[in-house]
Protein chains: 4
Amino acid sequence: MRQIDLKNFKIRTDLIAEAVTIQERKEVEPGIFVSEFLLDETNAKKVFKKPGNYTTIEFEDVSDTDNYSKVKKILKIYLQKFLKGKKTLLVGLGNQKSTPDILGPKTVEEIVVTSYLEEFGPLEEGFSSTAIFKPGVTGETGLETSSVLKNIIASFQPEQVIVIDALASKSLERVCKTIQIADSGIEPGSGVGNKRTEISFETVGVPVLAIGIPTVVDAVSVVADTIGYLMKQYSFQKKFLHTKKSRLVRASQINYLKEDVEVEKEDKERVLGMLGSLEEEEIKALFSEVLTPIGYNLMVTPKEIDFTIQKLAHLLASTLNELLHPKLGETKE
Amino acid sequence: MRQIDLKNFKIRTDLIAEAVTIQERKEVEPGIFVSEFLLDETNAKKVFKKPGNYTTIEFEDVSDTDNYSKVKKILKIYLQKFLKGKKTLLVGLGNQKSTPDILGPKTVEEIVVTSYLEEFGPLEEGFSSTAIFKPGVTGETGLETSSVLKNIIASFQPEQVIVIDALASKSLERVCKTIQIADSGIEPGSGVGNKRTEISFETVGVPVLAIGIPTVVDAVSVVADTIGYLMKQYSFQKKFLHTKKSRLVRASQINYLKEDVEVEKEDKERVLGMLGSLEEEEIKALFSEVLTPIGYNLMVTPKEIDFTIQKLAHLLASTLNELLHPKLGETKE
Amino acid sequence: MRQIDLKNFKIRTDLIAEAVTIQERKEVEPGIFVSEFLLDETNAKKVFKKPGNYTTIEFEDVSDTDNYSKVKKILKIYLQKFLKGKKTLLVGLGNQKSTPDILGPKTVEEIVVTSYLEEFGPLEEGFSSTAIFKPGVTGETGLETSSVLKNIIASFQPEQVIVIDALASKSLERVCKTIQIADSGIEPGSGVGNKRTEISFETVGVPVLAIGIPTVVDAVSVVADTIGYLMKQYSFQKKFLHTKKSRLVRASQINYLKEDVEVEKEDKERVLGMLGSLEEEEIKALFSEVLTPIGYNLMVTPKEIDFTIQKLAHLLASTLNELLHPKLGETKE
Amino acid sequence: MRQIDLKNFKIRTDLIAEAVTIQERKEVEPGIFVSEFLLDETNAKKVFKKPGNYTTIEFEDVSDTDNYSKVKKILKIYLQKFLKGKKTLLVGLGNQKSTPDILGPKTVEEIVVTSYLEEFGPLEEGFSSTAIFKPGVTGETGLETSSVLKNIIASFQPEQVIVIDALASKSLERVCKTIQIADSGIEPGSGVGNKRTEISFETVGVPVLAIGIPTVVDAVSVVADTIGYLMKQYSFQKKFLHTKKSRLVRASQINYLKEDVEVEKEDKERVLGMLGSLEEEEIKALFSEVLTPIGYNLMVTPKEIDFTIQKLAHLLASTLNELLHPKLGETKE
């Protein structure tokens, strides 16, 4: 088999939890995991991310009302720690005409906007000054998002900027099931290390908080994940068939991802041949080489994404509204 | 009857054709009238408008396909005269969530955006550099529209700015049936003479072209117009009843607005009492005093406005696309 | 002045409160008025309405959160009395592409739909069987709404039908400020007395409840109302100027509609001439004759209608959800 | 490796071209392929499809204007053959709130509706009678789509029914790049052979034409396709490296799908191990078993689907408009 060149290969992920190995991951509620992580300069360079504090909240489906409420409670606690200012610009990044991208614009549309009321006197206690902005994407507007944003920030002079964006994940398991909060700033539609397009404390002079949820995953990841699941299921079934439980339940009814199974190297090579001898990153690089020249390295989203994004935007917006305007939280609805 | 104080009274109109008496109004096609007008400094002050060149195109319903094509041909000719630049920022003013306000945003959404392609080399001949921006309104975003716009212009550095906006008219007859083009700049959501919020050649250093179509009229105008029509119809019928035609056609079937009738002063006073002794402006001021304290000085729009605005936005956008990107005009669809 | 023929003239109103004089109108909460009315066969014929029970709830602006909650409480109490069935078809009448018409479609879109769950077993206690239908309008679909509806009802076999529709009012004062509930059925897009198109208990065999809110008013009513207000204000000011209060407050700051003033006949004729000698209905018929031949007998809506309809649809839908699925009301949000 | 039970396994496809092997596939324009196929009773049973005439048009991306025009020309020719009636009901199947599903509703919204005009007399020559219907999906409305449709058909009594629907494909290569036309009728949201829910000539008494475009593909297919591509690329590169061309072009720049390469059995087993010894259908069944118990057998769509569906809906609607109303085709725009 040909050599796989990992140098030029990078599956896009916007999640720190996928870029580094995070040790401490607490289960703060049943099924809800939180990790708080400080990415220092040295490690940041290694993973092509920006240094800063990253909080990752992982959960199951928010279409369940009970679970939705729990996630909201946790989000409120951890998001609170990042807020530091009485005048906030909330930015909804992304293309409003692309379903998986619409998280940011939808969220800020639900924010209770107050800044224009200050013209008539100071705001009521329990409310802070808020404004929103939806810059669109360059392909839609022709304007460079980063430059537009810097100008809006310079003009509005907020004490903090909160950016909401749909992210890409490397893994099916995280899509619509992870919220990442970071104080490292953002670089709209681009790589890392470009001071010209970066929106961060260093470049705009006020804290820039980024809240993101992965809504897409690329086809390469779907394929590589599935290959991995195949081996896990294989190993699980091999082990399971010798247990008593197997007489009662069919193996196919068990979610083997939640079982603790080790995949053995020789099994991998037997089942998958040369493919099985590769590391996960090599497999992804290989499939990337397979799909790219035929134009199929597409990003994929679950079919029910429209509904889920609606829910998640409402989750973010209502939490932000309650934190930025505590008085709102007291009245119901 | 009480004194009517005209000092404090001003029915809002954004149409120069309603603010001054324009002499030359040419019928360039059957049913399509164009006036070109230079408002000088002196007259500008009198009517609280900004000095500049104003072109007004008046037409009938564009839902008729034939008429639509004719209006588009005329618009293209007269709009052409105002264009002066190879790099254009097109701004769609107005609240995207308010139907009569949506003309600007809808129009720029249909513009073929090219500026971001310049990154990959000069544009193909027959295309010019375009970007679009939809600032929203202050009550929605919390940001001061004027300040945001100035920052975007400073950042994009266009050679010309084209602003599309829904206007207010004083008269039912003009709603959705007039296009006004002016090079005098704009003042988003405000009066006249405020250098701080003005977007014009003087304040941003490049030509600022404003294209507007009236989509609303205030209730005061509807009422005053109707009173006026009542008198016109009365006078028409009085005259008509002594003609031979009256034996063949019922008076109620004739559009008396298209007939040439003089309303006599004594008729006015007999039919309308003291109300009939007032001038048109006094009548409007009076009804404004009647409707304001009870909160009914509302702006009104025709019921079918959604459909008509769609048509008009398409008219503006396709004309602008053909003028800014002449190569586009050559391929059909 | 010419003869005004009232025979052929009828300002469209869908509100029973505008068609008959209702005696009992209770203020059930400050600023919220309710009348319950049984229209019998005899009176029904007189006013061209269908006989049945009519409940009218009148209120002020629901954009105020406090007031919204109060109106919802009252609506829930009075709507409850009309409900009689465990299997409900909710119909949202109206053109989804016309802003003032969108109330019905928007409302049913927010209804919690359950009927399809019955396939998997009986519904949980506290939930009833619901389905929704948005027939569109004939000009949009080409289908006769009435016939389509009858077929859907025959197929779904509900125990009750609830139709939500935007109505026309004769008066500015009621637009978006009245909810009418009736058990008399409906006739989509048409007059009265046409058994072929009627959807009612008689024609479909199950109770048909109609919930409507006026969202439009015709230009004739706006004009006639304003003429009426002019006289009220005139009479109020004449009286007020001789009071002590007039030294403290300017007359123009007082909402004269809330004052108790009698308009004298001679004042009317002096101020309005021959116009002042006409009855209200004659004035409307006259203005209808004035506006019709020139194509301006348009329906008008307040400018902020988009936002208000959103609120009202949410009000209706959340109340209906709580009544049809009481279990829902117990969990918050 | 465990036994793979193909009995219970069926990757969903709505495309006849994926269910049977079609011999005649003509390239009617460069890059546009058409096959016309009669599925007889015997074969229909084998592939769980309904018997009838199937026409499949395959093409590349329609975002290219030139290609769009060519595809439209071909579609018009082949669609014409299926039309047989002067009174048509056009049905847009699918959930309007799910992006990949919106093809049907979007298409019928663009149809020129005429049937309601017949009330005023016969239609102008060159126009036929059309009505549209968007039934929604059961989960959204609570109504059984099939039953609703039958009732609407019985009520409107068309001479033909045309149903537009988004389909599922087994293959990435066909998503948004195939139009299938069939006269076999449809079964909304369900399997095959259920006379109760079937909408076809047999059950409704008029021809039922189905036009579909695949907009989704399931994750299992994406994975299996990629495994297949891996082998094709491997085989291609092995062969290519010994050619002269390989010194000029890098293998990774060549779309190997367009090259003629045979995958050898021994290569498959060497590269993929036991996985390589399976047939394509077995691989799909295997991955279905892997993804189903963990809830990841999701349907996937390309990220740019919103834009592409807009284009395709416009393609279908404008072609249908021109065929149903030939007079329309003569006027431009």
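This structure is a prediction, so every number in the text was calculated from the model and none was measured.

A. Spatial organisation of the overall build of chain A. Looking only at helices and strands, chain A has 12 helices and nine strands in total. Burial statistics for chain A: of 333 residues in total, 56% are counted as buried. The contacts of chain A with a sequence gap of at least 6 include a subset with a gap of at least 24, amounting to 76%. In the structure as shown, chain A presents an accessible area of about 15,300 Å², 50% of it carried by carbon and sulfur atoms.

B. How the structure looks around the packing of aromatic side chains. Per the stated rule, a full pass over the model turns up two aromatic pairs over all chains. Between Phe133 of chain A and Phe133 of chain B, the ring centres sit 6.1 Å apart and the planes meet at 40°, which makes this aromatic pair tilted. Note that Phe133 of chain A is positioned in strand S5 (residues 129-133) and Phe133 of chain B in strand S5 (residues 129-133), a pairing that runs across two chains. Residue classification places Phe133 of chain B among the buried residues on the basis of a relative accessible area of 5%. Across the ring face of Phe156 of chain A, the terminal group of Lys87 of chain A is positioned such that the distance to the ring centre comes to 4.5 Å. Stacked on the ring of Phe33 of chain B, the Lys or Arg Arg25 of chain B has its end atom at 4.1 Å from the ring centre.

C. Layout of the relation of the copies chain C and chain B. Mapping chain C onto chain B leaves a residual RMSD of 0.1 Å; the transformation is a rotation of 179° accompanied by 0.0 Å of translation along its axis. Here the copies are linked by what is in effect a two-fold axis. Using C-alpha coordinates, one finds that chain C approaches the rotation axis most closely at Gly273 of chain C, a distance of 1.7 Å. A shared binding surface is used by both copies, with 100% of the interface residues of chain C retained as interface residues in chain B.

D. Up close: the relation of the copies chain A and chain D. Once turned by 180° and shifted 0.0 Å along the axis, chain A lies on chain D with an RMSD of 0.1 Å. Most of the interface of chain A is mirrored in chain D: 100% of its interface residues are interface residues there too.

E. Quick peek at the interface of chain C and chain B. Contact residues are listed per partner, giving 46 residues for chain C and 46 residues for chain B. Counting the surface lost from both chain C and chain B, the interface buries some 4,000 Å², and carbon and sulfur atoms represent 67% of this. The interface formed by chain C and chain B contains zero salt bridges. Inspection of the region where chain C meets chain B yields 10 residue pairs in polar contact (both at pLDDT 80 or more). Of all the elements in the fold, those that place two or more residues in the side of chain C that touches chain B are helix H8 (219-240), helix H9 (265-272), helix H10 (280-291) and strand S9 (299-302) of chain C. The element best represented in the side of chain C that touches chain B is H8 of chain C, accounting for 10 residues. Broken down by class, the residue content of the side of chain C that touches chain B amounts to 29 nonpolar, nine polar and eight charged.

F. Quick look at the side chain of Thr141 of chain D. Within the element layout of this structure, Thr141 of chain D appears in helix H5 (residues 138-141). Non-local contacts of Thr141 of chain D, meaning those with residues more than four positions away in its chain, are made with Val113, Ala131 and Ile132 of chain C together with Pro135 and Gly136 of chain D.

G. Local environment of the interface of chain A and chain D. In this assembly, 46 residues from chain A lie in contact with 46 residues from chain D. Where chain A abuts chain D, roughly 4,000 Å² becomes buried across the two surfaces, and 67% of that area is made up of carbon and sulfur atoms. For the interface between chain A and chain D, the tally reads zero salt bridges. Along the contact surface separating chain A from chain D lie 10 residue pairs in polar contact (both at pLDDT 80 or more). Counting residues per element, the ones that place at least two in the side of chain A that touches chain D are helix H8 (219-240), helix H9 (265-272), helix H10 (280-291) and strand S9 (299-302) of chain A. If one sorts the elements of the side of chain A that touches chain D by residue count, H8 of chain A sits on top with 10 residues. By residue class, the composition of the side of chain A that touches chain D is 29 nonpolar, nine polar and eight charged.

H. Structural detail: empty space enclosed by the protein. If you walk through the whole model with that rule in mind, you get three cavities of 30 Å³ or more. One number sums up the size of the largest cavity: a volume of about 230 Å³. What lines the largest cavity is a set of 16 residues, and nearest its centre among them are Gln96 and Lys134 of chain C together with Gln96, Lys134 and Pro135 of chain D. At the level of secondary structure, the elements contributing two or more residues to the lining of the largest cavity comprise strand S5 (129-133) and helix H5 (138-141) of chain C together with strand S5 (129-133) and H5 of chain D. Taken together, the residues of the lining of the largest cavity sort by class into six nonpolar, six polar and four charged.

I. Examining the side chain of Thr319 of chain D more closely. The topology assignment puts Thr319 of chain D in helix H11 (residues 305-324). When sequence neighbours within four positions are dropped, the list of residues in contact with Thr319 of chain D reads Lys72, Leu75, Lys76 and Leu79 of chain D.

J. Spatial organisation of a negative patch on the surface. The grouping of Glu60, Asp61, Asp64, Asp66 and Glu304 of chain A at the surface amounts to a negative patch. With respect to the helices, strands and loops of the structure, Glu60 of chain A is situated in the loop between strand S3 (52-58) and helix H3 (65-80).

K. Inspection of the environment of Ala131 of chain B at higher detail. Along the chain, the position of Ala131 of chain B falls in strand S5. Measuring from C-alpha to C-alpha, the distance between Ala131 of chain B and Ala285 of chain B comes to 43 Å, with 154 residues separating the pair along the chain. Ignoring any residue separated from it by four or fewer positions in sequence, one finds Ala131 of chain B in contact with Thr141, Gly142 and Leu143 of chain A together with Thr88, Leu89, Leu90, Ser115 and Phe156 of chain B.

L. Quick look at the packing of H8 of chain C against H10 of chain C. Residue and element names in this part refer to chain C. At a closest axis distance of 9 Å, the pairing of H8 and H10 adopts a crossing angle of 135°. By the criterion of interaxial angle, the relationship of H8 to H10 is oblique. When you trace H8 past H10, the crossing you get is right-handed. In this structure, H8 uses Ala219, Val220, Ser221, Val223, Ala224, Asp225 and Ile227 to contact H10, whose residues at the interface are Ile283, Lys284, Phe287, Ser288 and Leu291. Of the residues belonging to the contact of H8 with H10, the class tally is eight nonpolar, two polar and two charged.

M. The pairing of strand S1 (residues 26-29) of chain B, seen in detail. Here S1 of chain B runs beside strand S2 (residues 32-39) of chain B; their pairing, made up of three bridges, is antiparallel. Its bridge partner lying in S2 of chain B, Glu27 of chain B is registered against Phe33 of chain B.

N. Spotlight on the environment of Phe240 of chain D. Residue position: Phe240 of chain D is located in helix H8 (residues 219-240). Residues Phe240 of chain D and Val91 of chain D lie 149 residues apart in sequence; the distance between their C-alpha atoms is 50 Å.

O. Expanded view of helix H9 (residues 265-272) of chain D. All of the buried residues in H9 of chain D are Asp267, Val271 and Leu272 of chain D. For H9 of chain D, the angular spread of the buried residues around the axis is 100°, confining them to a single face. In this structure, H9 of chain D carries Lys265 and Glu266 of chain D as exposed residues pointing more than 90 degrees from its buried face. Contacts made by the buried residues of H9 of chain D are with H9 of chain A together with H8 of chain D. Directly beyond the C-terminal end of H9 of chain D, a positive phi value near 65° is found at Gly273 of chain D.

P. Geometry of the pairing of strand S4 (residues 87-92) of chain D. All names here are of chain D. Extensive coverage of S4 is indicated by the burial of five of its six residues. Across five bridges, S4 lies against S5 in parallel orientation. When the sheet's bridge partners are listed, Lys87 is paired in S5 with Ser129. Taken together, S4, helix H4 (residues 103-109) and S5 constitute a β-α-β crossover, and its handedness is right-handed. Across five bridges, the pairing between S4 and strand S6 (residues 160-169) is parallel. Among the inter-strand pairings, Val91 is bridged to a residue of S6, identified as Val163.

Q. Broad picture of the pattern of salt bridges. Counting across every chain of the model gives 57 salt bridges over all chains. Note that Lys134 of chain B is salt-bridged to Glu109 of chain B, the shortest N-O span being 3.0 Å. In this pair, Lys134 of chain B is assigned in the loop between S5 and helix H5 (138-141) and Glu109 of chain B in helix H4 (residues 103-109), connecting sequence segments 25 residues apart. Sharing partners across several salt bridges, the network here consists of Arg25, Glu58 and Arg174 of chain A.

R. The arrangement of unusual backbone geometry in detail. Its identity as a non-glycine residue notwithstanding, Cys176 of chain A has a phi of 65°, on the positive side. Checked against the element boundaries, Cys176 of chain A lands in the loop between strand S6 (160-169) and strand S7 (178-182).

S. The confidence of the model for chain A, seen in detail. All names here are of chain A. On average, residues of chain A score 84 in pLDDT, and 89% of them reach the 70 mark or higher. When the elements of chain A are averaged for pLDDT, S9 gives the smallest value, 70, and strand S4 (residues 87-92) the largest, 97. Here residues 4-8 is a poorly scored stretch, pLDDT under 50, and it has nine contacts once near neighbours within four places are set aside; other chains count. Scored by ipTM, the complex comes to 0.79, with pTM at 0.80.

Rules used in this analysis
Residues numbered from 1 in each chain as written. Chains lettered and ligands numbered in written order. Predicted model: local features only at pLDDT ≥ 70, side-chain atom pairs only at ≥ 80, totals over all residues. Heavy atoms only, no water. Helix = DSSP H or I, 4+ residues; strand = E, 2+ residues; numbered from the N terminus. Buried < 20%, exposed > 50% of the residue type's maximum accessible area, 1.4 Å probe, protein only. Contact = heavy atoms within 4.5 Å. Areas by Shrake-Rupley, 256 points an atom, 1.4 Å probe, with all protein chains shown as cover. Phe/Tyr/Trp six-rings, centres within 6.5 Å; stacked < 30°, edge-to-face > 60°. Lys NZ or Arg CZ within 6 Å of the ring centre and 35° of its normal. Least-squares fit on C-alpha atoms with pLDDT ≥ 70 in both. Buried area = accessible area lost by both parts, 1.4 Å probe. Salt bridge = Lys/Arg side-chain N within 4 Å of Asp/Glu carboxyl O. Polar contact = N/O pair within 3.5 Å; in protein donor to acceptor, adjacent residues only side chain to side chain. Nonpolar A, V, L, I, M, F, W, Y, C, P; charged D, E, K, R; others polar. 1 Å grid on protein atoms, 1.4 Å probe; cavity = no way out; pocket = protein on both sides within 12 Å on 5 of 7 lines; lining within 4 Å. Points joined across faces, edges and corners; volume = space filled by probe spheres on them. Patch = residues over 30% accessible without salt bridge, like charges linked within 9 Å, V, L, I, M, F, W, Y side chains within 5 Å. Lys, Arg positive; Asp, Glu negative; His and termini not counted. Charge placed at Lys NZ, Arg CZ, Asp CG, Glu CD. Axes fitted to C-alpha atoms, helices over the stretch in contact; angles between N-to-C directions. Parallel < 35°, antiparallel > 145°, perpendicular 65-115°, else oblique. Left-handed = near helix turned anticlockwise from the far one by under 90°. Pairing = 2+ DSSP bridges. Arc of directions from axis to C-beta. Right-handed = clockwise from strand over helix to strand, strands pointing away. pLDDT = per-residue confidence, 0-100.

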